[in-house]
Amino acid sequence: MTSPWNDFKNSDVILNMGGNTAENHPISMKWIMKAKEERGAKLIVVDPRFTRTAAKADLYVPIRPGTDIVFLGGLIKYIIDNNLYFRDYVINYTDASFLVDPNFKLPDELDGVFSGYDEKKRSYDRSTWKFQLDESGIPKKDETLQDPRCVFQLLKKHFSRYTIDVVSNITGAPKDKIEEAYRIIASTGKPDKTCSISYAMGWTQHTVGSQNIRAFAIIQLLLGNIGMAGGGFMAQRGESNVQGSTDEGLLFHILTGYNPTPVASDVDLKTYIEKYTPKTKEPKSLNWLANRPKYIVSYLKALYGDKATKDNDFCYSYLPKREDGKNYSWLYLFDDMYKGNIKGFFAWGQNPACSGGNSIKTRQALAKLDWLVCVNLWDNETASFWKGPGMDPKKIKTEVFFLPAASSVEKEGSITNSSRLLQWRYKAVNPPGKCMPDAEIINELYFRVKKLYEKEKGAFPEPIIHLTWNYGEKDKNGKIKHFDIHKVAKEMNGYFTEDIAVHPIDKKSYKKGQQVPSFVLLRDDGSTACGNWLLCGSYTDAGNMMARRGKEDPTGLGLYSNWAWAWPLNRRIVYNRASVDPQGNPWDPKRAVIKWDAVNNRWVGDVPDGPQPPLAMEGGKLPFIMKPLGVGAIFGSGLSDGPFPTHYEPLECPFQENPLYKKHRINPTVKLFETESDVFVYCDTRYPYVGTTYRVTEHWQTGVMTRHKDWLLEMEPQIFAEIDPVLAKEKGIKSGDKVIVSSARGKIWAIAIVTPRLQPIKVMGQTIHIVGLPWHYGWRWPKDGSGGDSANILTPSVGDANVMTPESKAFMVNIEKA
Amino acid sequence: MARKGLLITPDICIGCRACQVACKEWNQLPASKTKNNGTHENPPDLDANNFNRIRFIEHADTKGFRWLFVSHRCMHCGEPACVQICPVGALIKDKETGIVYYDKNICIACHACKPACPFDIPRYDQGGKGKIAKCHLCIDRVRAGLTPACAKTCPTGSIKYGDRDTLIKEAKAKGFKLYGETDFGGLGVVFALKDSPKIYQLAENPRISESVAFWGSVLRTLVGRSSSTTSFIKYLAHKSTEEVKK
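Treat the numbers as computed from the prediction; the structure is a model and nothing was measured.

Engineer: I tried to follow the overall build of chain B on my own but got confused; where do I start?
Structural biologist: Along the backbone of chain B there are nine helices and 10 strands. Dimensions of chain B along its principal axes, counting C-alpha atoms only, are 60 × 40 × 40 Å. Residues classed as buried in chain B amount to 58% of the 246 residues present. Contacts in chain B between residues far apart in sequence, at least 24 positions, make up 60% of those at least 6 positions apart.

As C-alpha cells, then:
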C-alpha cells in the first residue's frame, strides 16, 4: 500500500473493488467507518456479490467477474470526457503530455492487439512502445495535451468505445449505478478531494490481473490522488507477512529488496549492473534505482563477508542463475512437477494441494516427486496428498517428511504488513513438543548441508560453505548454539565492514561494525554489508526501530511515525512529493503530508521522498523517484500485454467472442499449458455458469489453521456455494441442500446458500448466473470429511500474462442438486 | 457507580463475529459441531455455549436491499423478569452496574426463567436440561475495571461499553433511534437504529406477563418453607411456565 491503514480515515471516497475488505481485512473497516462518520466519506463497492463490505457501502454496483477493465475503462473515459482530471498534477507529475512513437498502434487499429504482436510466439515486440525523444534524449512533450500522439490523447482514443452503454452491456451492471459510481469517484479529481482504492485478489487473480491494477493506477494519476492523504493505492495483502516475504525475495525473480535475480547470460557483476541499473537523461529525475549497484554489492557482502572482494566480483558468481527466458513461477513449477521433472520439493508454510489453481493437477504432480518436505503447524492435504481422494498410496513413491513448525506467537521477530510497516513481536509462549521456528529449521538444514558439502565436496560447494551465517555464537563445530533473530535483523539493516573517515554522502565518520543508519549511505565498494537495502534504518545503533510503540500523531493524519518502522526510511505515505505543487505547497493544506519550509530549507511532515527542494526550485526533483523519467506512468510500456489495459475475456467465459475485439477473445500473451490436465472450456453448455472463489472472515487461506480452531469452524463448518434465487428455482435447489459444483477439471460437493445478494445479470443479451464458493476447505480436516474439499479443484491452471497469478476469480461451472 | 451498559449499532457492524469468538474465549466455552444450514448464521441459536451471536438479515424494501448484522444476546433489563421469577435468587441484578448475572451454584434448573423472559434468552447447560447460561456482560471483567470481551474486540465500535447514560446521550446526538431506552426499566443493552426495530428483527412490543411477579413470589415463599422439596418447586415452576406463556 502507498499509505498506512489509518489513512483510509482521511479519504473522501473509498472504492472497494476486486476485494472485500470488511470480510478479509476487518480492521480496515475501523478506519473506513471513521471516514464515513467523521468526514462523510462515501464507500463504493463494485463486486459480483453483495458482500459484508457492500452491506456498509453507500453504493453497491454488481459486475460480471472478469470485466473490471471494462468498468475502469469507462471511468477513464468519463474522467477525460468531463474534464474531471487534476490538470496540474497530470501535466507536472505524469507522462500524459509525452509524445509516443509514430509507429505505435492501438488495438482499435489492429483488431485487438497493440503494434508488435507476434501471433506465433504469442508475445509482443515492444520497440514501438516508446516515447519520441528530443536532442537531449528526454521525451518530447505537449503540455496542452492536444497532440494526437501524446499519451493523454492516445489514452482517450483507446477508451473512446467504453461508453456507459457498452460498459453496462459487457459487465451487466445497471447504467444508473455505473454513472453514479463514476460521478462519485471522479469528484476526487479536485485538489482537496481524495479517493483511496482498496483491492486484492479480485483484481489480481485474472489473466488480465496486472492490467486491472494498471487501470486504476491510471485513474489515481488522472485524479491526482497518489501521494495525497486519503489517496492511497491500497493493495490488501493476504498473509500477515506476505509483504515481508516479497521484500525478502522469496519469489523466484527477485533477491531481497526487489533486486532482480540474475539469469545465466548475466555472466558477471558488471553485466548485471549494466543491465539492471536504469539510466535517465531527465535532470529532474532522482531515478533512485541508479543506486542499485550499492544494494547488490552490499547484499553480496552480507552473504559472503570477507570472502566477497572486488577482485572476485564480491562472489557474484555464487548467486544461482535462472535460465534465460524461463519462468519459474507457481503454475510453471507445478507443470514441470506434473511432467516428472522435479525430484524434490519443500512445501514450506503452504498447502499447494488446496491453494493453487487446478488442485487435481497439483495433487497428481506431488505424486511424481521423489521426496517432499512439508513444514507446517498441522498435517494437511499436501503432506498427506498420498492418501487423499483419488490417490493409491501403493502406486506413489514419494517419500514425505514433516517438520513441525512454531506458530507466529511462539517465536520472536518482525511481521511486515500491507502498509510496509515492520512491527516487532515478542515470543508469548514456547512452541509445543518438537516444533521449531522456521529460522531454526533453516539453520539446521544449512549446517547439515554445509557439513555434507565439506565432507563430500560436490559440484559447487562454495556458495553454501562460504556463507557468513553469523546468527549466534558458534560451537567448536561451527554450529550456532542459540539462533538469534536479532542478529538476522541487524544484518538485514546492514553495517559498515570497515572504518570510513569521511563518508562522501553525509561527511560523517563511521567505524567498522556500526549499523548503517540509512540506505543513502550504502556503498558499492564493499565497505557496507546489507541484507536488504529496503530495511536499512530498521535496526540501527539507536536500537530496534521496529519495536517502537510511540503513539504521537502530530499531523493528525494517522501517520504515527514513532510506532514501529516502515520502509523506506520510515516514510509512511510514499510518493508524497506529488502531494505538493511544484513550489512545495500542499495541494490540500488541510491534509498536508509534507510541506516545504522555505525559511529553514527543509520539508516538514512525513519523511519526504528525498530531501531535495521542490520541483520548481534549483535542484528540485520529480515525485515518482523510482521511475527513470520521474513521473507516474500512464503509458505502461514495461508490461508484456500492452501499455494500456484492454478488455479481454477470461480464459473460461460464457461467450464465443470478446465483444470488443472479435479476433482476440482472451489476453493474446497468456501462457496456455498443454498437459491432459490443463483442460479449459468457453461458451460451453455443459458449464453454463460463471464460477468464482473468495474468502470469509472466519477462515484463512486453505484453512489449515482455521479448520483446526473449533470456534471458527463452528461459525463456518462447511464449504458452501452461493447462488441467486432464480438459478436456485431453475435447478430445484433450496438453501441447505447439498449440491455438486463441477468444472472441466473436477467436481466437489457444497452446501447451497440461496441468496438475493447474488442476482442474475444481463450481459450482451444473455442472462448470466454466478456460483461463488470459498476455498478454505480440504478433505484432511475435519477428519470425517464434513467440511468438504478445495474449491481449487474447479479452477484453471492459467495465470496473468505478466506475473502468472492464477485466474481463480472467473471460470465456468455447472451446478446440480446432489 | 453509574449504571453500565452496551450500545449496539448494527449499522456499523460488519458481521465479522469477533464478538462471538471473544465471548467464548473469555468464558472458555467449547464449540459445538455445526452444519451449514443454508445461511452464514452459526451456531443457529443461543445456547449454554453461545452467549451472543450475530444474526444475518437480508432485507429488501422500497429503500433497496440491506444486509444487516444484528447481535442476539441478553438485554440486561432494568426490571428483569428472570430475576423476578427465579425461585432461589440464582439470577441477580447487580446493584452497582445493573448487570443481570447468575450463580450456577444456586440455580436449581427449574427453567422458569425462559418463558418469563420477554426476549427468550435463557438457555441451559447439559444439553438444555441443566442450569442457566447466558451473557453476564463479563461482570468479572467489569469488576476488575475492564471492558466486556465483545466490546473490547469489536473493530468498528459497533458494540460500545460504558456508562449507560453517556452512551444514550452520544447515540441521540448522532441522530439514532434508540431501542430499549425505557422498556422494562430501560435495557442495559441499548440498540442504536436508523430504522424501525422490525427491520432489524428486534421484538417490536416485548412484554413481560403480569403473572411473572405473582409466580415469582409464590415460588420464593415455597422455597422459604423447609417442607418444600426441590422437585416440588420445579413442578410448580413448570406450572408457572404455562401460565406465563399464556
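Here the narrative resumes, following the displayed structure.
Engineer: For this particular structure, what's the right way to read the interface of chain A and chain B?
Structural biologist: Size of an interface: often given as the accessible area lost when the parts come together. Across the boundary between the two partners, chain A contributes 36 residues, which contact 36 residues of chain B. A buried area of about 2800 Å², summed over both sides, lies between chain A and chain B, and 60% of it is on carbon and sulfur atoms. Looking at the side of chain A facing chain B, the largest losses of area belong to Trp711, Glu714 and Met715 of chain A, adding up to 28% of the total buried there. The tally of links between chain A and chain B comes to six salt bridges. Note that glutamate 58 of chain B and arginine 757 of chain A form a salt bridge whose closest N and O atoms lie 2.8 Å from each other.

Engineer: Would you mind going over the sheet that holds strand 1 (residues 4-8) of chain B with me for this structure?
Structural biologist: Residue and element names in this part refer to chain B. The four strands lie next to each other as 8-1-10-9, forming an open sheet whose pairing is mixed. Bordering the open sheet on either side are strand 8 (159-163) and strand 9 (177-179), each of which pairs with just one other strand. In this sheet, adjacent strand axes meet at a mean angle of 30° when their direction is disregarded. Where strand 9 lies against strand 10 (residues 189-193), three bridges are found, and the strand directions are antiparallel. In the sheet register, lysine 177 faces strand 10, and the bridge partner there is leucine 193. Each of strand 1, strand 8, strand 9 and strand 10 is contacted by helix 7 (residues 164-173), which is oriented at about 125° to strand 8, the strand it contacts most.

Engineer: What is the right way to read the side chain of histidine 72 of chain B from this model?
Structural biologist: Residues and elements named next belong to chain B. Relative to the elements of secondary structure, histidine 72 occurs in strand 3 (residues 64-72). Under the relative-accessibility criterion, histidine 72 is labelled buried at 17%. Ignoring anything within four residues of it in the chain, the contact list for histidine 72 reads Asp45, Leu46, Phe51, Asn52, Arg53, Arg55 and Ile121.

Engineer: Can you help me understand the sheet that holds strand 8 (residues 344-348) of chain A in this one?
Structural biologist: The strands that make up a sheet pair up through hydrogen bonds in the backbone, lying either parallel or antiparallel. Residues and elements named next belong to chain A. Ordered in space as 8-9-10, the three strands form an open sheet in which the pairing is parallel. Edge positions in the sheet fall to strand 8 and strand 10 (399-404), since each has one partner strand and no second. Adjacent strand axes in the sheet meet at a mean angle of 15° when their direction is disregarded. Judged from the five bridges that link them, strand 8 and strand 9 (residues 371-376) form a sheet pairing that is parallel. Each bridged residue has a counterpart across the sheet, and for phenylalanine 345 the counterpart in strand 9 is leucine 372. Packed onto the sheet, helix 16 (residues 438-456) meets strand 8, strand 9 and strand 10 and runs at close to 155° relative to strand 8.

Engineer: Whenever I open this one, unusual backbone geometry confuses me. Can you help?
Structural biologist: Residues apart from glycine generally show negative phi values, whereas peptide bonds are mostly found in trans. The omega torsion across tryptophan 567 of chain A and proline 568 of chain A is -5°, close enough to zero to call that bond cis. Here proline 568 of chain A lies in the loop between strand 17 (565-566) and strand 18 (594-597). The linkage connecting asparagine 42 of chain B with the following residue, proline 43 of chain B, adopts the cis geometry, with an omega of -10°. Tracing the backbone shows proline 43 of chain B in the loop between helix 1 (18-27) and strand 2 (53-61).

Engineer: What exactly am I supposed to notice about the state of the cysteines here?
Structural biologist: In a disulfide, the sulfur atoms of two cysteines are held together by a covalent bond. Residue and element names in this part refer to chain A. Inspection of every chain in the model, using the stated rule, returns zero disulfides over all chains. Cysteine 354 forms no disulfide, and the closest cysteine sulfur to it belongs to cysteine 374, at a distance of 12 Å. Take cysteine 653: it sits in no disulfide, and the sulfur closest to it among the cysteines is that of cysteine 683, at 7.3 Å.

Engineer: For this particular structure, what's the right way to read the side chain of arginine 141 of chain B?
Structural biologist: All names here are of chain B. Mapping arginine 141 onto the fold places it in helix 5 (residues 139-143). Of the buried charged residues, arginine 141 lacks a salt bridge, with aspartate 140 as the closest side chain of opposite charge at 6.3 Å. Residues contacting arginine 141, with those up to four places away along its chain left out, are Trp26, Leu146, Thr147, Pro148, Ala149 and Lys152.

Engineer: Explanation requested: the packing of aromatic side chains in the structure shown.
Structural biologist: Here a ring pair, both rings aromatic, is described through the centre-centre distance and the interplanar angle of the planes. Residues and elements named next belong to chain A. According to the stated counting rule, one finds 51 aromatic pairs over all chains in the structure shown. Plain terms: the ring middles of phenylalanine 114 and tryptophan 129 are 6.0 Å apart, the flat faces sit at 65° to each other, and that makes the pair edge-to-face. Taken together, the positions of phenylalanine 114 in the loop between helix 4 (87-93) and strand 4 (117-118) and tryptophan 129 in the loop between strand 5 (123-124) and helix 5 (151-158) put the pair 15 residues apart, joining distant regions of the chain. Measuring from ring centre to ring centre gives 5.0 Å for phenylalanine 519 and tryptophan 533, while their planes differ by 70°; the resulting arrangement is edge-to-face. Placement of phenylalanine 519 in the loop between strand 13 (495-496) and strand 14 (528-529) and of tryptophan 533 in the loop between strand 14 and strand 15 (539-540) is noted, with a sequence separation of 14 residues between them. Relative accessible area serves as the criterion here: at 5%, phenylalanine 519 is assigned to the buried category. Overall, the relative accessible area of 6% leaves tryptophan 533 in the buried class. Sitting over the ring of tryptophan 749, lysine 738 keeps its end group 4.4 Å from the ring centre.

Calculation criteria
Residues numbered from 1 in each chain as written. Chains lettered and ligands numbered in written order. Predicted model: local features only at pLDDT ≥ 70, side-chain atom pairs only at ≥ 80, totals over all residues. Heavy atoms only, no water. Helix = DSSP H or I, 4+ residues; strand = E, 2+ residues; numbered from the N terminus. Buried < 20%, exposed > 50% of the residue type's maximum accessible area, 1.4 Å probe, protein only. Contact = heavy atoms within 4.5 Å. Buried area = accessible area lost by both parts, 1.4 Å probe. Salt bridge = Lys/Arg side-chain N within 4 Å of Asp/Glu carboxyl O. Pairing = 2+ DSSP bridges. Axes fitted to C-alpha atoms, helices over the stretch in contact; angles between N-to-C directions. Disulfide = S-S within 2.5 Å. Lys, Arg positive; Asp, Glu negative; His and termini not counted. Phe/Tyr/Trp six-rings, centres within 6.5 Å; stacked < 30°, edge-to-face > 60°. Lys NZ or Arg CZ within 6 Å of the ring centre and 35° of its normal.

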